[in-house]
Amino acid sequence: MTNLVRNINTALDSISEHWQPHRLTSINDYDVKVVKIQGEFVWHTHPDTDELFMVISGNLTIQLRDGDVELGPNDVYVVPKGIEHCPKAENEVQALLFEPKGTVNTGDVGGEMTAKLRELG
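The shown structure was predicted, so the numbers you read here are calculated from the model rather than taken from an experiment. Residue numbers restart at each chain and count upward from 1, following the sequence in its written direction. Local features in this predicted model are restricted to residues whose pLDDT is 70 or higher, and side-chain atom pairs enter the listing and the counts only when it is 80 or higher, whereas totals over whole chains, interfaces and linings include all residues. The basis for every side-chain value is the complete set of non-hydrogen atoms in the structure, without hydrogens or water.

K.L.:
If you had to explain the overall build of the protein chain to someone new, which residues and values would you point to?
P.N.:
Helices and strands together make up the secondary structure of the protein chain, namely one helix and eight strands. Numbering of helices and strands runs from the N terminus, with a helix taken as a DSSP run of H or I at least four residues long and a strand as a DSSP run of E at least two residues long. In the protein chain, the order of α-helices and β-strands from amino to carboxyl end is α-β-β-β-β-β-β-β-β. Long-range pairs, those at least 24 residues apart, make up 66% of the contacts in the protein chain with a sequence separation of at least 6. On the protein chain, roughly 6700 Å² of surface is accessible, and the fraction owed to carbon and sulfur atoms is 47%. Throughout, a residue-residue contact means that at least one pair of heavy atoms, one from each residue, lies within 4.5 Å. The Shrake-Rupley method, run with a 1.4 Å probe, gives the accessible areas here. Residue values count only the displayed protein chains as cover.

Here you go:
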């Protein structure tokens, strides 16, 4: 990926599908991804890495086995590695994700919601 200036809102405007992260940029061994979220995802873990969610717009619930975490615009939350979680949003959420390169969105469970990482135009 070349060193381009990227606009988060423009990147999000180019995404039409929910739960399909697109790489905005990379830094060292991490990808910065933009994603639109709506509905409920799958319960999963990332055994080897933490996962950072930053909400740009909307309200995101990250369900955890011991209680939910509620995020609104400009909120950031890190799901620690190995912690089972399930994001959900009643209405559309626009968010950034920070994860090591190669992190699969469905973690250890796979399935039909597994996304192939897409590059922005």
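Next comes the rest of the write-up.
K.L.:
Summarise the pairing of strand β4 (residues 60–64); cite the residues concerned and give the values.
P.N.:
Think of it in three bands: with a 1.4 Å probe and only protein chains considered, a residue is buried below 20% of the maximum accessible area for its type, exposed above 50%, and partly exposed in between. Extensive coverage of β4 is indicated by the burial of five of its five residues. Strands were regarded as paired on the criterion that DSSP finds at least two bridges between them. For β4 and strand β5 (residues 67–71), the ladder comprises five bridges, and the chain directions are antiparallel. Within β5, the residue paired with Leu-64 across the bridge is Gly-67. Taken together, β4 and the strand that follows it, β5, pair antiparallel across an intervening segment of two residues. When β4 meets strand β7 (residues 85–100), the two strands line up antiparallel, connected through four bridges. When the sheet's bridge partners are listed, Ile-62 is paired in β7 with Pro-87.

K.L.:
Tell me what's going on with the pairing of strand β1 (residues 22–27), and back it up with residues and numbers.
P.N.:
Relative to strand β2 (residues 30–40), β1 runs antiparallel, the two sharing five bridges. In the strand pairing of β2, His-22 is matched with Val-34.

K.L.:
I'd love a proper account of the packing of aromatic side chains, names of residues and values included.
P.N.:
Only centres within 6.5 Å qualify two rings of Phe, Tyr or Trp (six-membered ring in Trp) as a pair; their planes then separate them into stacked at under 30 degrees, edge-to-face at over 60, and tilted for everything else. Considering all chains together, one arrives at one aromatic pair under this definition. Each ring, one from Trp-19 and one from Phe-41, has its centre 4.6 Å from the other, and the planes form 25°; the classification is stacked. A residue pair is termed long-range when its members are at least 10 positions apart, and Trp-19 in the loop between α1 (8–13) and β1 and Phe-41 in the loop between β2 and β3 (51–57) qualify at 22 residues. For the pair formed by Trp-19 and Phe-41, the shared burial category is buried. The cationic tip of Arg-65 hangs over the ring face of Trp-43; the distance from NZ or CZ to the ring centre is 3.7 Å. In this scheme, Lys NZ or Arg CZ marks a charge over a ring once it lies within 6 Å of the ring centre and within 35 degrees of the ring normal.

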